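What follows is each chain in one-letter form.
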Amino acid sequence: MTQVSARLASLSPSATLAMSQKSGELKAQGVDVINLSVGEPDFNTPEPIKEAAKKAIDENYSRYSPVAGYPTLRNAIVAKLKNENGLEYTANQISCANGAKQSVCNTIMVLVNPGDEVIIPAPFWVSYPEMVKLAEGTPVIVAAGIEQDFKITPAQLEAAITPKTKALILCSPSNPTGSVYSAEELAGLAEVLKKHPEIIVIADEIYEHINYIGKHSSIAQIDGMKDRTVIVNGVSKAYAMTGWRIGFIAGPEWIVKAVNKLQGQYTSGPCSVSQKAAEAAYTGSQAPVEEMRQAFERRRDLIVSLAKEVPGFEVNQPEGAFYLFPKCSYYFGKTDGTRTIENADDLAMYLLEVAHVACVGGTSFGAPECIRMSYATSDENIVEAIKRIKTALAALK
Ligand SMILES: Cc1ncc(COP(=O)(O)O)c(C=O)c1O
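Residues numbered from 1 in each chain as written. Predicted model: local features only at pLDDT ≥ 70, side-chain atom pairs only at ≥ 80, totals over all residues. Heavy atoms only, no water.

Here we look at the overall build of the protein chain
And then number 1: Of the regular secondary structure elements, the protein chain holds 13 helices and 12 strands.
And then number 2: Across its three principal axes, the protein chain shows a C-alpha extent of roughly 60 × 55 × 55 Å.
And then number 3: Burial analysis of the protein chain (397 residues in total) assigns 54% to the buried set.
And then number 4: Contacts in the protein chain between residues far apart in sequence, at least 24 positions, make up 73% of those at least 6 positions apart.
And then number 5: Accessible surface computed for the protein chain: about 16600 Å², of which carbon and sulfur atoms make up 54%. (Helix = DSSP H or I, 4+ residues; strand = E, 2+ residues; numbered from the N terminus. Buried < 20%, exposed > 50% of the residue type's maximum accessible area, 1.4 Å probe, protein only. Contact = heavy atoms within 4.5 Å. Areas by Shrake-Rupley, 256 points an atom, 1.4 Å probe, with all protein chains shown as cover.)

Notes on the packing of helix H5 (residues 99-111) against helix H9 (residues 253-266)
And then number 1: Across the interface, H5 lies against H9 with an axial gap of 9 Å and an inter-helix angle of 105°. Overall, the two elements H5 and H9 adopt an arrangement that is roughly perpendicular. Along the contact surface, H5 presents Gln102, Asn106, Thr107, Met109, Val110 and Leu111, while H9 presents Trp254, Ile255, Ala258, Val259, Leu262, Gln263 and Tyr266.
And then number 2: In the contact of H5 with H9, the residues fall into 9 nonpolar, 4 polar and no charged. (Axes fitted to C-alpha atoms, helices over the stretch in contact; angles between N-to-C directions. Parallel < 35°, antiparallel > 145°, perpendicular 65-115°, else oblique. Nonpolar A, V, L, I, M, F, W, Y, C, P; charged D, E, K, R; others polar.)

Brief notes about the packing of helix H4 (residues 71-85) against helix H10 (residues 272-283)
And then number 1: At a minimum axis separation of 9 Å, H4 and H10 run at an interaxial angle of 25°. Overall, the two elements H4 and H10 adopt an arrangement that is roughly parallel. You can see that H4 and H10 cross each other, and the crossing is left-handed. On the side of H4, the interface is formed by Thr72, Leu73, Ala76, Ile77 and Lys80, while H10 contributes Gln275, Lys276, Ala278, Glu279, Tyr282 and Thr283.
And then number 2: Residues of the contact of H4 with H10, tallied by class, amount to 5 nonpolar, 3 polar and 3 charged. (Left-handed = near helix turned anticlockwise from the far one by under 90°.)

A look at the side chain of Arg388
And then number 1: Its location among the elements puts Arg388 in helix H13 (residues 379-394).
And then number 2: With a relative accessible area of 16%, Arg388 lands in the buried category.
And then number 3: A polar side-chain atom of Arg388 sits 2.7 Å from a polar atom in the side chain of Asp32.
And then number 4: Setting aside anything within four residues of it in sequence, one finds Arg388 in contact with Asp32, Ile34, Ala355, His356 and Val357. (Polar contact = N/O pair within 3.5 Å; in protein donor to acceptor, adjacent residues only side chain to side chain.)

Some points on the sheet that holds strand S11 (residues 360-361)
And then number 1: Ordered in space as S9-S12-S11, the 3 strands form an open sheet in which the pairing is antiparallel. Each having just a single partner strand, strand S9 (323-324) and S11 make up the two edges of the open sheet.
And then number 2: One ladder, built from 2 bridges, connects S11 with strand S12 (residues 371-374); its direction is antiparallel. Bridge pairing in S12 links Val360 to Arg372. (Pairing = 2+ DSSP bridges.)

Things to note about the nonpolar core
And then number 1: With 81 residues, the main nonpolar core has Ile108, Phe313, Leu351, Ile371, Met373 and Leu393 as its most contacted residues.
And then number 2: Among all residues touching Phe313, those that are not within four sequence positions of it are Ala307, Pro326, Lys327, Cys328, Tyr331, Ile371, Met373, Ile389 and Leu393.
And then number 3: Membership of the second largest hydrophobic core comes to 26 residues, among which are Val78, Tyr89, Met241 and Tyr282. (Core = buried A, V, L, I, M, F, W, Y, C linked by side-chain atoms within 4.5 Å.)

Concerning the sheet that holds strand S8 (residues 247-250)
And then number 1: Pairing within the open sheet is mixed, and its 7 strands lie in the order S2-S8-S7-S6-S5-S3-S4. One side of each edge strand has no neighbouring strand; the edge strands of this open sheet are strand S2 (94-97) and strand S4 (138-143). For this sheet, the mean angle separating the axes of adjacent strands, direction not counted, is 20°.
And then number 2: Alignment of strand S5 (residues 165-171) against strand S6 (residues 200-204), held across 5 bridges, turns out to be parallel. Of the residues in S6, the one forming a bridge with Leu168 is Val201.

Some points on the state of the cysteines
And then number 1: One pass over the full model with this rule turns up 0 disulfides.
And then number 2: In this model Cys96 remains outside any disulfide bridge; the closest cysteine sulfur is found in Cys271, 12 Å from its own.
And then number 3: The exposure class assigned to Cys271 is partly exposed, which follows from its relative accessible area of 40%. (Disulfide = S-S within 2.5 Å.)

What about the packing of aromatic side chains?
And then number 1: Under the defined criterion, the tally for this structure stands at 12 aromatic pairs.
And then number 2: On the basis of an interplanar angle of 70° and a centroid distance of 5.6 Å, the ring pair of Phe150 and Phe325 is categorised as edge-to-face. Here the residue Phe150 occupies a position in the loop between S4 and helix H7 (154-160), and Phe325 occupies one in the loop between S9 and helix H12 (344-355), the gap between them amounting to 175 residues. The same class applies to Phe150 as to Phe325, namely buried.
And then number 3: Arranged with centres 4.9 Å apart and planes meeting at 55°, the rings of Phe322 and Tyr323 form a pair that is tilted. Each member of the pair Phe322 and Tyr323 is classed as buried.
And then number 4: One residue, Lys334, lies across the ring of Tyr330, its end atom 4.7 Å from the ring centre. (Phe/Tyr/Trp six-rings, centres within 6.5 Å; stacked < 30°, edge-to-face > 60°. Lys NZ or Arg CZ within 6 Å of the ring centre and 35° of its normal.)

Remarks on unusual backbone geometry
And then number 1: Between Ser172 and the following residue, Pro173, the backbone shows a cis peptide bond with an omega angle of -10°.
And then number 2: Structurally, Pro173 can be placed in the loop between S5 and helix H8 (183-194).
And then number 3: Residue Asn175 is joined to Pro176 through a cis peptide bond whose omega torsion reads 25°.
And then number 4: Looking at where Pro176 falls in the secondary structure, it is placed in the loop between S5 and H8.
And then number 5: Phi at Glu136 takes a positive value of approximately 65°, unusual for a residue other than glycine.
And then number 6: Tracing the backbone shows Glu136 in the loop between helix H6 (127-134) and S4.
And then number 7: You can call Glu136 partly exposed: its relative accessible area is 46%.

Things to note about the environment of Asn85
And then number 1: Locating Asn85 in the fold gives a position in helix H4.
And then number 2: In this structure, the C-alpha to C-alpha distance between Asn85 and Ser218, residues 133 residues apart in sequence, is 7.7 Å.
And then number 3: Excluding its chain neighbours within four sequence positions, the residues that come into contact with Asn85 are Lys80, Glu208, His216 and Gln221.
And then number 4: A polar side-chain atom of Asn85 sits 2.9 Å from a polar atom in the side chain of Glu208.

Here it is as structure tokens:
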């Protein structure tokens, strides 16, 4: 019988999308589900960005763009990196793609040979290990629990490095934990990397602007790191543009050239109209970004204070992104009389079916003792969700 390739068979389906789908099905049956499983801002794209897209359509931005993206967009990204991050790049060091997701995948695909190792701190964004597997590389998972605020130490990084290590994927602010590496913590990791100049850092900074501790720090800002770092970023989270699908890499020209070659055979340049919208996002007023950030910060404070009151939950103080990642292993082995909770995925399913609150179990983030809750939703939903969760958990003995 004809079958799909071994490459595809080894790929796990996206757990976050699966949970969204399951909660969508319940909603379609008329169940009042509060969805804390989504990974996107609940705001609409700011008006000036939408206007720029409409204008782009009227001006016939309807043809193939250069594979790396329009020079005007890449120049806007160069200016952003200089003004916001103090980093000097040229337009040739930027390649735009269909979202940061494709940017991460492109980078992995052009760097990783079969058998190469890629260090991925856990908890991790679900797609990283799967992308490494697609490239026939080996994900090397380095676990960082809540007691270390879900961040790896220089000693852990050092211990994970082998002659086969090709890259380190660093996500800060982090999905799913909200943890943010400080400039000092990044410097500590960079100290280790200095001894291993062949390792490339893939720095996923898609949550850069959703940061509650002040200025964003990039590992590329540390002496000696820029020429071996690929920054991944995009407009999805900062500008509430998840559906527009524009991300980018900024990095050494040899990697950018390779990504352009891959993308030229694979997808071509991303959507022309979306590129013009992204250009408007980077060159226009940044006030909406700050407004949304403030709303997320208020909700962070709300959900943290409420979740700390949930018996059995261990909660960290997320410093960025819009996720809370409580440790909930207290409930493992407990039962409501009909089912026993073995792990966080069971707990997420229990909360969906009993409390009608959709969260995502931590297994696919490399942390089976935690669940992920997105607080990119209204204050009312946050309050009601935690109330329901508390009631449902109280029934577990
Ligand atoms: C850590 C991380 N990186 C990348 C992405 C992908 O973003 P984009 O919508 O730009 O593809 C996401 C989206 O959830 C994310 O959480």
